[in-house]
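The lines below spell out each chain.
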Amino acid sequence: MTFSIAAIAEMVSGPPVAVDKTVSGWSIDSRTINPGDCFFALRGPSNDGHDYIANVLEKRAAVAIVEREGDATIPQIVVPDTLVALQDLARKARKRWDGRVVGVTGSAGKTTTKDAIAGLLSVGMRTGRTIGNYNNHFGVPLSILRLPDDSRAAVIEMGMNHAGEIRDLAQIAKPEIGVVTNVGWAHAEYFPDGIEGVALAKRELIEELPSDGIAVLNADDERVRAFHEIHPGRSILFGFSQEAEVRAEDVHLCPNGAKFHCLGVEFTSPLAGRHGVSNVLAAIATARALDLAPETLVDAVRTLAIGKMRGERVDRNGVTIINDSYNANPEAMRSMLELLSGTPARRRIAVLGEMLELGPEASALHHGIGKFAAEQGIDVLLGVRGAARLMVESAIEAGMSDSAALFFESPDEAGAFLCGFAHPGDAVLFKGSRGVQVEKALSRAFEEGKP
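This one's a predicted model, so the numbers in the text were calculated from it and none came from an experiment.

Attention now moves to the overall build of the protein chain. Scanning the protein chain for helices and strands turns up 15 helices and 22 strands. For the protein chain, whose C-alpha radius of gyration is 23 Å, the value lies close to the compact-globule estimate of 22 Å for 451 residues. In terms of its C-alpha atoms, the protein chain occupies a principal-axis envelope of roughly 75 × 50 × 45 Å. Considering the protein chain as a whole, with its 451 residues, one finds that 55% of them fall into the buried category. Long-range contacts, defined here as pairs at least 24 residues apart, represent 63% of the contacts in the protein chain between residues at least 6 apart. A total of about 18400 Å² of accessible surface is found on the protein chain, and carbon and sulfur atoms cover 47% of it. Here the protein chain contributes 46 positively and 59 negatively charged side chains, and the mean placements of these two sets differ by 3 Å.

Its boundaries defined by the atoms lining it, the second largest pocket holds a volume of some 610 Å³. Lining the second largest pocket are 23 residues; nearest its centre among them are Ile28, Asp29, Leu42, Gly44 and Asn47. Elements with a contribution of two residues or more to the lining of the second largest pocket: β4 (38-40) and α3 (82-96).

What follows covers the pairing of strand β14 (residues 249-254). The sheet contact formed by β14 and strand β15 (residues 257-262) spans four bridges and is antiparallel. Its bridge partner lying in β15, Leu253 is registered against Ala258. Linking β14 to β15, which pair antiparallel, is a turn of two residues.

Turning to helix α9 (residues 273-289), a few remarks are in order. If you check α9, its first and last C-alpha atoms are 25 Å apart, about what 17 residues at 1.5 Å a residue would give, namely 24 Å. Of all 17 residues making up α9, 14 are buried, and the element is well covered by its neighbours. Positioned one or two residues after α9, Asp291 has a phi angle of 65 degrees, which is positive.

According to the stated counting rule, one finds 24 salt bridges in the structure shown. The partner of Arg234 in a salt bridge is Glu245, and the shortest N-O contact between them spans 3.9 Å. A residue pair is termed long-range when its members are at least 10 positions apart, and Arg234 in strand β12 (residues 234-239) and Glu245 in the loop between β12 and β13 (246-247) qualify at 11 residues. Here Arg302 ties to Asp299 by a salt bridge, and the two come within 3.4 Å at their closest N and O atoms. With a gap of three residues between them, Arg302 and Asp299 both fall in helix α10 (residues 298-302), about one helical turn apart. Overall, Asp299 belongs to the partly exposed group, its relative accessible area being 49%.

Moving on, we come to the sheet that holds strand β8 (residues 127-129). Taken in spatial order, the seven strands make up an open sheet running β8-β9-β7-β10-β11-β12-β13, and their pairing is parallel. Single-partner strands in this sheet number two, and they are β8 and β13. Looking at chain direction, β12 and β13 are connected through two bridges and run parallel. Counterpart to Gly239 in the pairing with β13 is Arg247.

Moving on: a positive patch on the surface. A contiguous patch of positive charge on the surface is contributed by Lys92, Lys95, Arg96 and Lys174. Checked against the element boundaries, Arg96 lands in helix α3.

Right, let's talk about the packing of helix α12 (residues 362-375) against helix α13 (residues 388-397) for a bit. At a closest axis distance of 7 Å, the pairing of α12 and α13 adopts a crossing angle of 45 degrees. Judged by the angle between their axes, α12 and α13 are oblique. The element α12 and its partner α13 pack so that their crossing is right-handed. Residues Ser363, His366, His367, Ile369, Gly370, Lys371 and Ala374 of α12 touch α13, and the partners they reach there are Ala388, Leu390, Met391, Glu393, Ser394 and Ala395. A per-class count over the contact of α12 with α13 returns six nonpolar, five polar and two charged.

This part covers the packing of helix α6 (residues 165-173) against helix α7 (residues 195-207). Contact geometry of α6 with α7 gives a least axis separation of 7 Å together with a crossing angle of 20 degrees. What the angle tells us is that α6 and α7 run roughly parallel. Judged by the sense of rotation from one axis to the other, the crossing of α6 with α7 is right-handed. Contact with α6, carried on its side by Glu165, Ile166 and Arg167, involves Ala201, Lys202, Glu204, Leu205 and Glu207 of α7 and no other residues of that element. By residue class, the composition of the contact of α6 with α7 is three nonpolar, no polar and five charged.

Definitions and limits used
Residues numbered from 1 in each chain as written. Predicted model: local features only at pLDDT ≥ 70, side-chain atom pairs only at ≥ 80, totals over all residues. Heavy atoms only, no water. Helix = DSSP H or I, 4+ residues; strand = E, 2+ residues; numbered from the N terminus. Rg over C-alpha atoms; globule rule 2.2 N^0.38 Å. Buried < 20%, exposed > 50% of the residue type's maximum accessible area, 1.4 Å probe, protein only. Contact = heavy atoms within 4.5 Å. Areas by Shrake-Rupley, 256 points an atom, 1.4 Å probe, with all protein chains shown as cover. Lys, Arg positive; Asp, Glu negative; His and termini not counted. Charge placed at Lys NZ, Arg CZ, Asp CG, Glu CD. 1 Å grid on protein atoms, 1.4 Å probe; cavity = no way out; pocket = protein on both sides within 12 Å on 5 of 7 lines; lining within 4 Å. Points joined across faces, edges and corners; volume = space filled by probe spheres on them. Pairing = 2+ DSSP bridges. Expected span 1.5 Å × (residues − 1). Salt bridge = Lys/Arg side-chain N within 4 Å of Asp/Glu carboxyl O. Patch = residues over 30% accessible without salt bridge, like charges linked within 9 Å, V, L, I, M, F, W, Y side chains within 5 Å. Axes fitted to C-alpha atoms, helices over the stretch in contact; angles between N-to-C directions. Parallel < 35°, antiparallel > 145°, perpendicular 65-115°, else oblique. Left-handed = near helix turned anticlockwise from the far one by under 90°. Nonpolar A, V, L, I, M, F, W, Y, C, P; charged D, E, K, R; others polar.

What follows is the structure, encoded as structure tokens:
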């Protein structure tokens, strides 16, 4: 979005600035700022944006929003709190913009679903979206400010790890359509009521919709499906179950994607696994909410991009690598193990990092994943760090050989083992919580070393 510097000062309740210049770029990172941008000097636990005003000046920013004026020749708008200013500016910008906002949340698949929705909506209208997973208290307002002025729709991802956070984000973005992919154990550590608390936090998106808004809900998740009961407006259910209005039928899963029928149209998607199909169904349902005919979406579904470390599939010297290492929770782990189980291979090897922020149920959930891996016929399980040891123990208890279920203290150690262990014809899945950085095992085994 584009605003004059004078308008920015007024919208953040700062002192008047008499500068005849407009701004269309917005940044909180001095390393990536572009000439002409507006820079917000945010204060974080380890960095203070005010320390980088000189860098911002060097990169020819147009204006800086600060809490204390620094020694720089660019206009500086002084406010009591730069984060509040960023959020206020986005809130007011959203009110001035008359496009449609789609809010997306869920315990797994948010980013993939957000990108799929944006890809499909682009068939009928100029559509902006959250870049990457900028889905928190500063990412959502930045995403709004970065919308193209001529966009008619915006797909905004909303994350949380505490109650009330999605409500706050929704009150900034004001979505008319709310999409919930699923409710799982991610971040349950922060909720005394466990997964039920997580469900209530996700439901905040639906509670914040206007009465004539549209809720797009996963019919296959009983907690999400129940959200339609509290929404006075229209709900569109998607999924595999009979309750779904947007339902996948005649589903054929393959290593490189899926084929299925939906609303009388055959779709081919590069997103693999049942969870990949579910993400596409959410996008088709959202397009339906905006009156896009399903037959117009075929090419957009076929050309959907796979996100970095979100199910990427590559070949390294004859070894099939499935890189889903961006993050993990029990539901996503199971989906990817099912995908690995169905992948043609000489041996199926799962490199699984521990799952963080699961709360009191963490031990039981890790045990459950190990047992599930054995039941899926996974040939080798490598557990990485901390509670992943419980996966390994449970897999052995479920019948996997102790020579095929191994624990490593770090991803580097797991990668070093894979260097001499993985051979052509094998398929290797990498998945774990972000803090474990399982991708380091991939790099060690297949980029630094040779399988």
